[in-house]
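Listed here are the chains, written in short residue letters.
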Amino acid sequence: MQRKICQILICILSFVSTHTIAQAGLSTKKTRPLYLLAQNNNQAEDDLSSLGFSKEVTDSNPEEQALLETRSSMLQTHQYLGFVTLGLMTASLLTPESNLDLHKILGITTAVSYGATAYFSIFAPTPKDFESSGRTAWHKRLAWVHGIGMVLTPVFGLVRYNQKEAGKPITGVAKLHPVAAITTYAAFAGAMAIMTF
Amino acid sequence: MVYLLLFSLQSLAANYTLSTSEITYNVEHIAHSAQGLSKEAKGKITCTKEKCKLLVAAPIKSFSSGDSNRDHHMLETTKGALNPMVVLKGEIPKTFFQGRLHKLNLKLLFAGKENPLVIEEINPKKSTKGYEIDFNFPLSLTEYELERPALLMVPVSDEIKITVKSTWEEEK
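Residues numbered from 1 in each chain as written. Chains lettered and ligands numbered in written order. Predicted model: local features only at pLDDT ≥ 70, side-chain atom pairs only at ≥ 80, totals over all residues.

**Focus on the nonpolar core**
Counting 33 residues, the largest nonpolar core has B:Ile45, B:Ala57 and B:Val86 as the members making the most contacts within it. Contributing elements (two or more residues each) for this core: β1 (15-28), β3 (42-47), β4 (52-59), α2 (68-77), β5 (85-92) and β6 (102-110) of chain B. Not counting residues within four places of it along the chain, the set of residues in contact with B:Ala57 comprises A:Leu48, A:Leu51, A:Phe53, B:Ala41, B:Lys42, B:Gly43, B:Met85, B:Val86 and B:Val87. Listed in part, the 12 residues of the second largest apolar core include A:Ile105, A:Phe120, A:Ala187 and A:Ala191. (Core = buried A, V, L, I, M, F, W, Y, C linked by C-beta atoms within 7 Å. Buried ≥ 20, exposed ≤ 12 C-beta atoms within 10 Å, placed from the backbone. Helix = DSSP H or I, 4+ residues; strand = E, 2+ residues; numbered from the N terminus. Contact = placed C-beta atoms within 7 Å.)

Here it is, written out as structure tokens:
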């Protein structure tokens, strides 16, 4: 039964990841014909330069537009995968410790999903002179908290699992597994709650 | 007599420059609303004997909402790297600065598309700094063929409220 649940979860996750990776990779959104202000419209160019705008400001930059589109597409995927990860995290937290195997399976699936979520944020191209501000800055600060938490929680969990399997009392960092998990969950949920459009 | 003639000719052909401005967009979403502000617009009003021409432009990049990701998403959504300027232009009446309420038929060039724009009520007010011209208008993202940004799979409202506060100085 548990094996089946695990297989289903991994299948769903791999489908979502493959689908979203394919979407991000094929970020060739159709671009409609545009009036490129500085290139096609001489009158507009004259008008704008008469106002004192330099060509650097008024010229179009297709490379920058392409970069922004790839970035947006990847961050949107990051957002969708974030919801999947949050769902899996919630399920892991709600699974009772008595059902250790299911808890372990959900924990591993959460970690894989978390990795895929993080990938789309870390590897989204960053525009020149980009500096995080506002909610985005807080989103990144919280990412440090849940990022560290996502490393510590499974390590503490593994130690706890081994102690339980050996029939030993729970001691040391193994005791911190629930604390680390809840902290990670709170930081992750908080990071999602302050997302912006 | 000659002085009066020269004075009247000068006032007929007066030009004005935009000295300070604040252009704000307000976008609504069920989760929250956001405002973006630009103070980098430049503009002029050029008058001849027959008519006055208004031209105001601002770089799309100059709008800041206080959140870096939203600003870059806005830039992407509005194709701001391909069409870096938003331009408001059109003819205005010669009597524009005479302290009356006007309705203006202008054009707004935004995201590579030019649409007519009607400002229903605009009333320039003389102040110590020059002429203050404040107005607002709704902007439909659909009319400019723009995809509405979404959060939690819910798009923002189609109508964006634009507010303009500006001060104009007469050229000497």
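Once you've had a look at it, read on.
**Digging into the packing of helix α5 (residues 62-94) of chain A against α2(B)**
Interaxial distance between α5(A) and α2(B) falls to 9 Å at its minimum, and their mutual angle equals 120°. The angle between α5(A) and α2(B) falls in the class oblique. As α5(A) runs across α2(B), the sense of the crossing is left-handed. Only B:His72, B:His73, B:Leu75 and B:Glu76 of α2(B) make contact with α5(A), whose side of the interface consists of A:Leu68, A:Glu69, A:Arg71 and A:Ser72. When the residues that make up the contact of α5(A) with α2(B) are grouped by side-chain class, the tally is 2 nonpolar, 3 polar and 3 charged. (Axes fitted to C-alpha atoms, helices over the stretch in contact; angles between N-to-C directions. Parallel < 35°, antiparallel > 145°, perpendicular 65-115°, else oblique. Left-handed = near helix turned anticlockwise from the far one by under 90°. Nonpolar A, V, L, I, M, F, W, Y, C, P; charged D, E, K, R; others polar.)

**Concerning the interface of chain A and chain B**
With 33 residues of chain A at the contact, the number on the chain B side is 29 residues. Those elements giving two or more residues to the side of chain A that touches chain B turn out to be α3 (42-51), α4 (55-58), α5 and α7 (135-165) of chain A. No other element matches the 7 residues that α5(A) contributes to the side of chain A that touches chain B. Looking at side-chain class alone, the side of chain A that touches chain B contains 15 nonpolar, 11 polar and 7 charged residues.

**Structural notes on the packing of α5(A) against helix α6 (residues 100-122) of chain A**
Residues and elements named next belong to chain A. Two elements in contact, α5 and α6, have axes separated by 8 Å at closest approach and are oriented at 165°. Here α5 lies roughly antiparallel to α6, going by the angle between them. By crossing handedness, the relation of α5 to α6 is classed as left-handed. Contacts between α5 and α6 involve Met 74, Leu 75, Thr 77, His 78, Leu 81, Gly 82, Val 84, Thr 85, Leu 88, Met 89, Ala 91 and Ser 92 from the first element and His 103, Leu 106, Gly 107, Thr 109, Thr 110, Ser 113, Tyr 114, Ala 116, Thr 117, Phe 120 and Ser 121 from the second.

**Looking at α7(A)**
End to end, α7(A) covers 43 Å across 31 residues, agreeing with the expected 45 Å (1.5 Å per residue, within 8%). Within α7(A), the full set of buried residues consists of A:Arg135, A:Thr136, A:His139, A:His146, A:Gly149, A:Met150, A:Thr153, A:Pro154, A:Phe156, A:Gly157 and A:Arg160. Considering only its buried residues, α7(A) is in contact with α6 and α8 (177-193) of chain A together with α2 of chain B. Looking one or two places after α7(A), you find A:Gly167, whose phi comes out positive at around 75°. (Expected span 1.5 Å × (residues − 1).)

**Structural notes on the pairing of β6(B)**
All names here are of chain B. As defined by bridge partners, β5 adjoins β6 across 3 bridges and the pair is classed as antiparallel. Following the sheet pairing, Lys 89 is matched in β6 by Lys 107. Relative to strand β7 (residues 113-122), β6 is paired through 8 bridges, and the arrangement is antiparallel. From the neighbouring strand, Lys 107 faces β7, where its bridge partner is Pro 116. Between the antiparallel neighbours β6 and β7 lie 2 residues, among them Ala 111 with a positive phi of about 55°. (Pairing = 2+ DSSP bridges.)

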